Amino acid sequence: MKVLLSIAGSDSCGGAGIQADIKTAEAFGVFATTALTVITAQNTTGVRSIRPMDADFLRDQVEMVFEDLQVDAIKIGMLFNVELIECVKEIIAPLDIPIVLDPVFVSKAGAPLLQPDAVASMKELFDYVSVLTPNQHEAKALFGENLHVKAPCPVIIKHFAIENESHDTLYYPDNSRRTFASPCLKTNNLHGSGCSFSSAIAANLALGYELESAIERAKKFIYHAIEEAPNLGHGPGPLAHKKGGEYAK
């Protein structure tokens, strides 16, 4: 059985962060391990408080996983501050496995999830990852308003609505690109969709799929997970991860 390590934050309402990563990995038949970066008190309407882990404790969590299990891929989510980013950089720099970085800046409800002084440090991780998965807001913060994407690794930007389709564009370091399209869904049930998309890519990379195939499978998964969402909460609702996995396999 393939193993995914998620280095990310906890979402107390279960729709995003580590909780979404675990559900997504299991939907693809991948075993999920975790290393918590922050604990949040949140629900679908917003984030009340954030408690970051200290770097030594984060390192301990990762080391315990690697000492016991063969990790096939890593998904990195919310890192929050410079200390945690520097710790993650030290962890991933020597590794030779697929690593997906979701540069989390803000929650679906609008709460900031990355300290402003940490953006430059976040960019230092790009040399060590297999793909970045920013949304448009995050991409503009990283690459400028005109989205002049320049990175040492592939970058897939989520998502542009064009007519009745959702377009995610994959940019390669050689300036080539590919667009992945799926039907647009008119819904408010998007809590954790970014986390789930990035962890779906990571799970499929762990399974041995090439990047573009992993993205295609992740897109299919996300579409159906949103389409089958259970309509929970008073804000952007969570996804139906198990249902999405049934369609994606």
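**Observations concerning the overall build of the chain**
Next, step 1: Looking only at helices and strands, one finds eight helices and nine strands in the chain.
Next, step 2: When the 249 residues of the chain are sorted by exposure, 55% land in the buried category.
Next, step 3: Partitioning the contacts of the chain with sequence separation of at least 6, the portion at a separation of at least 24 is 64%.
Next, step 4: When the accessible surface of the chain is totalled, it reaches about 11,100 Å², and 50% of it is carbon and sulfur.
Next, step 5: The positive charge centre, built from 21 side chains, and the negative charge centre, built from 30, are 7 Å apart in the chain.

**Some thoughts on helix α5 (residues 136-143)**
Next, step 1: Of the residues making up α5, those classed as buried are Glu138, Ala139, Leu142 and Phe143. Buried residues of α5 fall within an arc of 105° about the axis and therefore sit on the same side.
Next, step 2: Among the residues of α5, the N-terminal cap falls to asparagine 135, whose side-chain oxygen and the backbone nitrogen of histidine 137 are separated by 3.2 Å.
Next, step 3: In the stretch just after α5, glycine 144 is the one whose phi turns positive, near 95°.

**With respect to the environment of histidine 137**
Next, step 1: Note that histidine 137 resides in helix α5.
Next, step 2: We classify histidine 137 as partly exposed; its relative accessible area is 47%.
Next, step 3: Histidine 137 sits 21 residues away from lysine 158 along the chain, and the two C-alpha atoms are 9.4 Å apart.
Next, step 4: Setting aside residues up to four positions removed in sequence, histidine 137 forms contacts with Phe105 and Val106.

**What about empty space enclosed by the protein?**
Next, step 1: All told, the structure shown has one cavity of 30 Å³ or more when counted by the stated rule.
Next, step 2: Lining the largest cavity are Val149, Lys150, Ala151, Cys153, Tyr171, Tyr172, Pro173 and Asn175.
Next, step 3: Per-class residue counts for the lining of the largest cavity are six nonpolar, one polar and one charged.

**Topic: a negative patch on the surface**
Next, step 1: Together, Asp54, Asp60, Glu63, Glu67, Asp68 and Glu83 make up a region of like negative charge exposed at the surface.
Next, step 2: Ranked by residues supplied to the negative patch, first place goes to helix α2 (residues 55-68) with four residues.
Next, step 3: Structurally, aspartate 60 can be placed in helix α2.

**Considerations on the packing of helix α6 (residues 193-206) against helix α7 (residues 211-227)**
Next, step 1: In the contact formed by α6 and α7, the axes pass within 8 Å of each other and the chain directions differ by 140°. Judged on the interaxial angle alone, α7 and α6 are oblique. Crossing of α6 over α7 shows right-handed handedness. On the side of α6, the interface is formed by Ser193, Ser196, Phe197, Ala200, Ile201, Asn204 and Leu205, while α7 contributes Leu211, Ala214, Ile215, Arg217, Ala218, Lys219, Phe221, Ile222 and Ile226.
Next, step 2: Residues belonging to the contact of α6 with α7 are distributed by class as follows: eleven nonpolar, three polar and two charged.

**Some words on the packing of aromatic side chains**
Next, step 1: Within this structure, the stated rule accounts for two aromatic pairs.
Next, step 2: Between phenylalanine 28 and phenylalanine 221, the aromatic rings sit 5.1 Å apart at their centres with planes inclined by 55°, giving tilted as the arrangement. Taken together, the residues span a long stretch of sequence, with phenylalanine 28 in the loop between α1 (17-27) and β2 (31-43) and phenylalanine 221 in helix α7 at a distance of 193 residues.
Next, step 3: Owing to a relative accessible area of 5%, phenylalanine 28 belongs among the buried residues under this scheme.
Next, step 4: Between the aromatic rings of phenylalanine 126 and phenylalanine 143, the centroid separation amounts to 6.3 Å while the plane-to-plane angle is 40°, which identifies the pairing as tilted. Of this pair, phenylalanine 126 sits in the loop between α4 (119-123) and β6 (131-132) while phenylalanine 143 is found in helix α5, placing the two residues 17 residues apart along the sequence. Accessibility assignment for this pair places phenylalanine 126 and phenylalanine 143 in one class, buried.

**Concerning α2**
Next, step 1: A rise of 1.5 Å per residue sets the reference length of α2, with its 14 residues, at 20 Å; its end C-alpha atoms lie 21 Å apart and thus fit the reference within 8%.
Next, step 2: Residues of α2 that are buried include every one of Ala55, Leu58, Gln61, Val62 and Val65, and no others. Along the long axis of α2, the arc covered by the buried residues comes to 130°, so they all point the same way. Facing away from the buried side of α2, by more than 90 degrees, are the exposed residues Asp56, Met64, Glu67 and Asp68.
Next, step 3: Buried residues belonging to α2 abut β1 (3-11), β2 and α3 (82-92).
Next, step 4: Of the residues that open α2, the one with a side-chain oxygen 3.1 Å from the backbone nitrogen of aspartate 56 is aspartate 54.

Each value, and the rule that gives it
- As a convention, each chain's residues are numbered from 1 in the sequence order in which they are written.
- Local features in this predicted model are restricted to residues whose pLDDT is 70 or higher, and side-chain atom pairs enter the listing and the counts only when it is 80 or higher, whereas totals over whole chains, interfaces and linings include all residues.
- In computing side-chain properties, one takes all heavy atoms of the structure into account and sets aside hydrogens as well as water.
- Counting from the N terminus, the helices are the DSSP runs of H or I reaching at least four residues and the strands are the DSSP runs of E reaching at least two.
- A simple rule labels every residue: compare its accessible area, found with a 1.4 Å probe on the protein chains alone, to the largest value its type can have, and call it buried under 20%, exposed over 50%, or partly exposed in between.
- Residues count as neighbours in contact if any of their non-hydrogen atoms are within 4.5 Å of one another.
- Using the Shrake-Rupley algorithm and a 1.4 Å probe, accessible areas are obtained, with residue cover drawn only from the displayed protein chains.
- Asp and Glu count as negative and Lys and Arg as positive, but His and the ends of the chain are not part of the count.
- By convention, the point assigned to a charge is CZ for Arg, NZ for Lys, CD for Glu and CG for Asp.
- Directions are taken from the helix axis to each C-beta atom, and the arc is the one they span.
- Polar contact criterion, stated in full: a pair of N or O atoms within 3.5 Å, where within protein one must be able to donate a hydrogen and the other to accept it, and residues adjacent in sequence count only if both atoms are side-chain atoms.
- As defined here, a cavity is a set of points on a 1 Å grid over the protein atoms alone where a 1.4 Å probe fits but cannot get out. A pocket is an open set with protein on both sides within 12 Å along at least five of seven lines, and residues line them when an atom is within 4 Å of a point.
- Grid points are joined across faces, edges and corners, and a volume is the space filled by probe spheres set on the points.
- Throughout this entry, Asp, Glu, Lys and Arg are counted as charged residues, while Ala, Val, Leu, Ile, Met, Phe, Trp, Tyr, Cys and Pro are counted as nonpolar. The remaining residues, Gly among them, count as polar.
- Excluding any residue in a salt bridge, patches collect residues exceeding 30% relative accessible area, merging like charges within 9 Å and nonpolar Val, Leu, Ile, Met, Phe, Trp and Tyr side chains within 5 Å.
- By salt bridge we mean one thing: a side-chain nitrogen of Lys or Arg within 4 Å of a carboxyl oxygen of Asp or Glu.
- Interaxial angles span 0 to 180 degrees and are taken between N-to-C directions of axes, which are lines fitted to C-alpha atoms, for helices over the stretch in contact.
- Our angle categories are set so that under 35 degrees counts as roughly parallel, over 145 as roughly antiparallel, 65 to 115 as roughly perpendicular, and the remainder as oblique.
- Crossings are assigned a handedness: left-handed for a near helix turned anticlockwise from the far helix by less than a right angle, right-handed for a clockwise turn.
- Pairs were defined over the aromatic rings of Phe, Tyr and Trp, the Trp ring being its six-membered one, requiring ring centres within 6.5 Å. Orientation was assigned from the angle between planes: stacked under 30 degrees, edge-to-face over 60, tilted for the rest.
- Here a helix's expected span is defined as the number of its residues, less one, multiplied by 1.5 Å.

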